[in-house]
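Next come the chains, spelled out residue by residue.
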Amino acid sequence: SMSSPCLAIETVAAGGGSICYFENGKLCVGPESAGANPGPACYGTGGPLTITDVNLLLGKLDDSRFRIPIHFEAAQAAVEALQATIKVQSNEIYSILEILEGLEQIANEKMAAAIRQISVAKGFQPSDYALLVFGGAGGLHGCQIAEMLDMNTVIIPKDGGLLSAYGIGNARLERWYEQQVLADLEADLNLEKYFAKAEKGALASLIKEGIRSDSAEIIHRFAYLRLKGQDSTLEIDFHQNKDLEAAFHSAYQNLFGHLPKGKKIEVESIKVIAAERQAAIPKTVASAQKTTVAPFKSRPNPITHKTIPCYLWEELKAGNQFSKGVLLHDFSTVYIPENWMVEIQENGDAIARKQEKLSTKITVEKEAIALELFTNRFSAIADKMGLQLQRTAFSVNIKERLDFSCAILDAQAELLVNAPHIPVHLGSLGVCARLSIQKTPLGKGDVVIVNHPKYGGSHLPDVTLLAAVFSEQDELVGYVINRAHHSEIGGKRPGSMPPDATNLAEEGVVFAPTYLIKNGVPQWETIEKMLRESPYPSRSPTENIADINAALASLRIGEQDLQLLVETHGIKKVHHYMAALKNVATEALNQSLQQLPLSLRATEQLDDGHQIQVHISRKGEQIKFDFTGTSAPHPRNLNANISIVNSAIIYVLRLLCPKNIPLNEGLMKRVDILLPNSFLHPDFSDNPLDCPAVVGGNTEVSQRLVDTLLKAFNLAACSQGTMNNFLFGNEQFGYYETIGGGCGAGEGFHGRSAVHQHMTNTKITDPEELEFRYPVRLETFAVRQNSGGRGKWNGGDGIIRKIKFIEQVEVTLIGQHRKIAPYGKAGGTEGKTGKHLLEKADGSRQELEGIDSFVADVDDTLTI
């Protein structure tokens, strides 16, 4: 078949138009942009201070080369206004140069972090490559970004400012043909037959475009392989690799760092690319003759008080080289720092090479600049951990639905920064770490695995890995932690979320804090034995081990990057900014709380009548959440724990802060929680048989708890108030998804329709993937029109999801608001309740309970 190509494009919030400002004690760059109108301050149309202004004021731009008038004094006035704002808000005096160099470094670090993340997501190390810069302003930052990425070479095409247009003009015509295979890679699989058909198809489509047959050629043949059961494929060049199995194993090992044992390889598809024959593009060649050239002019900079050498690109010849200066061209500008040497090539391109490594230690010591830099650095490590986990995971649930979270904790095991994944995980990670460390101390080389709710686990499918990070001097830096949902971890029913469980053992394999690695020695035998020999063992232990391996690789990435941060900046400074980042959250929340009444109350109830009661009281800067009056522990699985309550509270407190702050436990510094024995806080023992069941407490009670708190704070009407858990499977597999719904409206905004909200933030499996991998057909997936409450601001509408089963499977449903309607506020109407309808193959119909399970026969249809 023919298909349309697509590009994965990452937008980085640090372009030339990115606005520079001061907030929460930090200098910030982006993500807001001044755009073309009003544009940067230097355009003279009243625009804000931007990165373009910073480059101009630092002398990296020559205003004589612009096609529009440039107002240096307007840019200078904008930075002076920022200087005054900092003085008023922080009482600190910054020089103009300190502000400009700080903003430049923040922008460069953001861009470097984005490149690093994209590379890690694909399994590449930036330092192994050269950096290609293009666009009108790419050269202004290229060498400095390369320095941060440990890259030694920067390629700067002469036509870089016009490269997109130039590329389109010179691109040769290509057409390709893809063929889905979906067959195991066995000796009798004749891929040559598939390729022969694809080659004919690709050449025919090229000839159809008017290319003569003798001018058309096949330039690529690719096979797309994957481990059976995985979704993402690896591209293997068919002609360069006669042994596809060995090539795949090698590529998989290189990319993911491990290779799951005993898995078959599947050929998902093949692709052939045909192209018109074209004369070879001349290669960039260095000149044999090297000459150091003098600048055509030097101009003084009133801000830096330095003279900047300027070179005209059109006047330079092959072999000309210089260090430090600005290279000017009609369509681009390049800034060459003093430790880089640039040399013009035979075709006019420039290549810059690093001469010696400058110290990457922070040069600007001012608090507002350093705090923003460290905030970005901490966040980048957590994001990188998340990318690593997603990339190396085996299961659809982690790899495709993104049901996982990664975070860094400080030396007190308090949440510092997280990759923005699942809110119900995030607020509980610090609690989980602190409780686990008390039971199982963490030394150098130790990794702990845990999912027990007594120790801060949310429910058994959510498996947490935790490691302490130590410096070279064996000082505790902090902790790295992640949590990933395993769609099968044992239990009474496939998918590990049995609706009729009455104790924890019936929900699956229970890990109280257990060493996965002790003193650097893996304990896989222990872990595998627990997965296979628990009272209700896992149905997919091999997949569990593969996903635990991926989570372990994610911790290693976080550990290495945190150690590198300490090596570069020193542990004292790292700890200082960990504390400062939490203080920012504490103070931002305190400002928001001062606007609230001293006493707030709310009550909500589950469909079965269990009540959540909360009284929120404020005394000075302290805020207390008192849950007295909440119903007793639940006889079934709707029991939460302290970590779930913590997650809900930290999430809602973050919603109270209008400013952009990372979610961390600084928000909880002045928070007291009074939690009586109840279904929010039952007693847990170490023996799973004596523990209450919790799977619905994590999903359903967390949602109901958030809506109760939002009701008390008067922030919004009720959202869907459930995760709409839908599971099916048999002894061979388990499938799990949470279905979105409508968001509650609030003052000034309508609620969103048909999305995940509050404590869940996963994706839903693609229909193609769902139908290919599982014995179901997706009949309907649509917005449930007019199901949201109506008012001046309307509640969001819910979802209809209709599934037909083509094989007998066990089905589990866990949902709320099937009996009690989601509340409206301020006169707005309620939302509609949910329903589960089962239509049997013989045409009979029945309405199921909100929490229910049944055996679905072939051709039965379930509508949620």
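Further up the page is the structure itself.
Every value quoted in this text rests on a predicted model; they were computed, and no experiment measured them.

Conventions and cut-offs
Residues numbered from 1 in each chain as written. Predicted model: local features only at pLDDT ≥ 70, side-chain atom pairs only at ≥ 80, totals over all residues. Heavy atoms only, no water. Patch = residues over 30% accessible without salt bridge, like charges linked within 9 Å, V, L, I, M, F, W, Y side chains within 5 Å. Areas by Shrake-Rupley, 256 points an atom, 1.4 Å probe, with all protein chains shown as cover. Salt bridge = Lys/Arg side-chain N within 4 Å of Asp/Glu carboxyl O. Helix = DSSP H or I, 4+ residues; strand = E, 2+ residues; numbered from the N terminus. Pairing = 2+ DSSP bridges. Axes fitted to C-alpha atoms, helices over the stretch in contact; angles between N-to-C directions. 1 Å grid on protein atoms, 1.4 Å probe; cavity = no way out; pocket = protein on both sides within 12 Å on 5 of 7 lines; lining within 4 Å. Points joined across faces, edges and corners; volume = space filled by probe spheres on them. Phe/Tyr/Trp six-rings, centres within 6.5 Å; stacked < 30°, edge-to-face > 60°. Buried < 20%, exposed > 50% of the residue type's maximum accessible area, 1.4 Å probe, protein only. Lys NZ or Arg CZ within 6 Å of the ring centre and 35° of its normal. Contact = heavy atoms within 4.5 Å. Polar contact = N/O pair within 3.5 Å; in protein donor to acceptor, adjacent residues only side chain to side chain. Core = buried A, V, L, I, M, F, W, Y, C linked by side-chain atoms within 4.5 Å. Parallel < 35°, antiparallel > 145°, perpendicular 65-115°, else oblique. Left-handed = near helix turned anticlockwise from the far one by under 90°. Nonpolar A, V, L, I, M, F, W, Y, C, P; charged D, E, K, R; others polar.

Student: Would you explain a nonpolar patch on the surface in this entry?
Tutor: Where nonpolar side chains cluster on the molecular surface, the patch consists of Leu162, Tyr166 and Phe331 and spans about 290 Å² of accessible area. Tracing the backbone through its elements, the reader meets Tyr166 in helix α5 (residues 163–170).

Student: Can you walk me through the sheet that holds strand β24 (residues 622–626) in this structure?
Tutor: Strand-to-strand pairing in sheets goes through backbone hydrogen bonds, with the strands running parallel or antiparallel. As summarised here, the arrangement of the 4 strands in space is β22-β23-β24-β25, forming an open sheet in which the pairing is mixed. Only two strands of the sheet have a single partner each, and these edge strands are β22 (599–605) and β25 (671–674). Neighbour-to-neighbour, the strand axes of this sheet turn through a mean angle of 15°, independent of strand direction. Note that strand β23 (residues 611–619) and β24 share 5 bridges and pair antiparallel. In the sheet register, Arg618 faces β24, and the bridge partner there is Ile623.

Student: Where do I start with empty space enclosed by the protein in this structure?
Tutor: Over the atoms, a rolled probe matching the size of one water molecule traces out where space is still vacant. With the rule as written, the count across this model stands at 5 cavities of 30 Å³ or more. Here the second largest cavity defines a volume of roughly 60 Å³. Lining of the second largest cavity is provided by Thr586, Leu589, Asn590, Leu593, Glu621, Ile623, Gly666, Leu667, Lys669, Arg670 and Val671. Per-element accounting of the lining of the second largest cavity gives the leading share, 4 residues, to helix α13 (residues 571–593).

Student: How should the sheet that holds strand β6 (residues 216–227) be read in this particular structure?
Tutor: Ordered by their spatial adjacency, 4 strands build an open sheet running β5-β8-β6-β7, and the pairing between neighbours is antiparallel. Lying at the two open borders of the sheet, with one neighbouring strand each, are β5 (174–184) and β7 (234–237). Recorded for the sheet is a direction-independent mean angle of 25° between the axes of neighbouring strands. Bridge analysis of β6 against strand β8 (residues 265–276) gives 11 bridges, and the strand direction is antiparallel. Bridging across to β8, Ala223 finds its partner in Ile270.

Student: Help me understand the packing of aromatic side chains, please; the structure alone is not making it clear to me.
Tutor: For any two aromatic rings, the description comes down to two numbers: the centre-to-centre distance and the angle of the planes. All told, the structure shown has 12 aromatic pairs when counted by the stated rule. With 5.9 Å between their ring centres and 45° between their planes, Phe374 and Phe378 make a pair best called tilted. Of the two residues, Phe374 and Phe378 are both situated in helix α8 (residues 367–392); the distance of 4 residues between them amounts to about one turn of the helix. Across the pair, exposure class does not vary: Phe374 and Phe378 are buried alike. A ring pair is formed by Phe374 and Tyr577, whose centres lie 4.7 Å apart and whose planes are at 10°; its orientation type is stacked. Pair noted here: Phe374 is in helix α8 and Tyr577 is in helix α13, with a separation of 203 residues, a long-range link. On the basis of relative accessibility, which here comes to 4%, the residue Tyr577 falls in the buried class. Taking the ring centre of Tyr515 as reference, the NZ or CZ of Lys518 above it sits at 4.3 Å.

Student: Is there a simple way to think about unusual backbone geometry in this case?
Tutor: Across the chain, the bulk of peptide bonds are trans and the bulk of non-glycine residues have phi less than zero. A cis geometry characterises the amide bond from Gly30 onward to Pro31, with omega recorded as 5°. By secondary structure assignment, the location of Pro31 is in strand β2 (residues 26–33). In this chain, Asn37 is followed by Pro38 through a cis amide linkage whose omega measures 10°. With respect to the element layout, Pro38 can be found in the loop between β2 and α1 (51–57). In this model, Asn519 sits at a positive phi of 50°, which is unusual for a non-glycine residue. For Asn519, the location among the structural elements is in the loop between β20 (514–518) and β21 (521–522).

Student: Quick question: what am I supposed to make of the environment of Arg801 here?
Tutor: Note that Arg801 resides in strand β29 (residues 798–805). The exposure class of Arg801 is buried, given its relative accessible area of 1%. Each C-alpha atom, one on Arg801 and one on Leu234, is 32 Å from the other, the two residues being 567 residues apart in sequence. Beyond its immediate stretch of four places on either side in the chain, Arg801 contacts Glu737, Ile739, Ile764, Thr765, Leu770, Leu778, Thr780, Phe781, Leu862, Thr863 and Ile864. Polar contacts involving the side chain of Arg801 include one to the side chain of Glu737, which spans 2.6 Å.

Student: Before we go on, may I ask you to explain the nonpolar core in this structure?
Tutor: Across soluble globular proteins, nonpolar side chains have a tendency to be buried as a group. Counting 113 residues, the largest nonpolar core has Phe378, Leu465, Phe625, Phe627 and Leu680 as the members making the most contacts within it. The element best represented in this core is α13, accounting for 11 residues. Other than its neighbours up to four places away in sequence, Phe625 contacts Val614, His615, Ile616, Ile649, Leu653, Val671, Asp672, Ile673, Leu674, Leu709 and Phe713. With 55 residues, the next largest nonpolar core counts Phe22, Val54, Val79 and Ile303 among its residues.

Student: Just checking my understanding: could you explain the packing of α8 against helix α12 (residues 541–569) for this structure?
Tutor: Angle between the axes and distance between the axes: these two values describe a pair of packed helices. Following both chains from N to C, one finds α8 and α12 inclined at 155°, their axes separated by 8 Å at the closest point. Accordingly, the angle class assigned to the pair α8 and α12 is roughly antiparallel. Every pair of crossing elements has a handedness; the one defined by α8 and α12 is right-handed. From α8, Phe374, Arg377, Phe378, Ile381, Lys384, Met385, Gln388, Leu389 and Thr392 reach across to α12, where they touch Asp547, Ala550, Ala551, Ala553, Ser554, Leu555, Ile557, Gly558, Asp561, Leu562, Leu565 and His569. Considered class by class, the residues forming the contact of α8 with α12 number 12 nonpolar, 5 polar and 4 charged.

Student: What's the story with the side chain of Gln816 in this structure? I'm lost.
Tutor: Mapping Gln816 onto the fold places it in the loop between β30 (809–814) and β31 (837–839). Within the local environment of Gln816, its side chain forms a polar contact with the backbone nitrogen of Asp607, the two atoms lying 2.9 Å apart. Once residues within four sequence positions are removed from consideration, Gln816 is found in contact with Leu606, Asp607, Leu638, Glu700, Arg704, Gly721, Thr722 and Ile851.

Student: Please clarify how the side chain of Ser631 should be interpreted in this entry.
Tutor: Looking at the element boundaries, Ser631 is found in the loop between β24 and α14 (642–656). A polar side-chain atom of Ser631 sits 2.7 Å from the main-chain amide nitrogen of Gln611. For Ser631, the residues in contact, after removing those within four places along its chain, are Gly609, His610, Gln611, Ser678 and Phe679.

Student: When you look at the pattern of salt bridges in this model, what are you seeing that I'm missing?
Tutor: Tallying each qualifying case throughout the model produces 38 salt bridges. One salt bridge connects Asp62 with Lys297, and the closest N-O pair in it is separated by 3.0 Å. Within this pair, whereas Asp62 is found in the loop between α1 and α2 (72–90), its partner Lys297 is found in strand β10 (residues 297–300), the two being separated by 235 residues in sequence. With a relative accessible area of 2%, Asp62 lands in the buried category. Judged by relative accessible area, Lys297 falls into the partly exposed class, the value being 28%. Where Glu217 meets Arg277, a salt bridge forms, and the shortest distance between an N and an O atom there is 3.7 Å. Here Glu217 is found in strand β6, whereas its partner Arg277 is found in the loop between β8 and β9 (291–292), with 60 residues between them in sequence. Judged by its relative accessible area of 25%, Glu217 is partly exposed. Shared partners join several salt bridges into a network, and the residues in it are Asp184, Glu186, Lys228 and Lys264.

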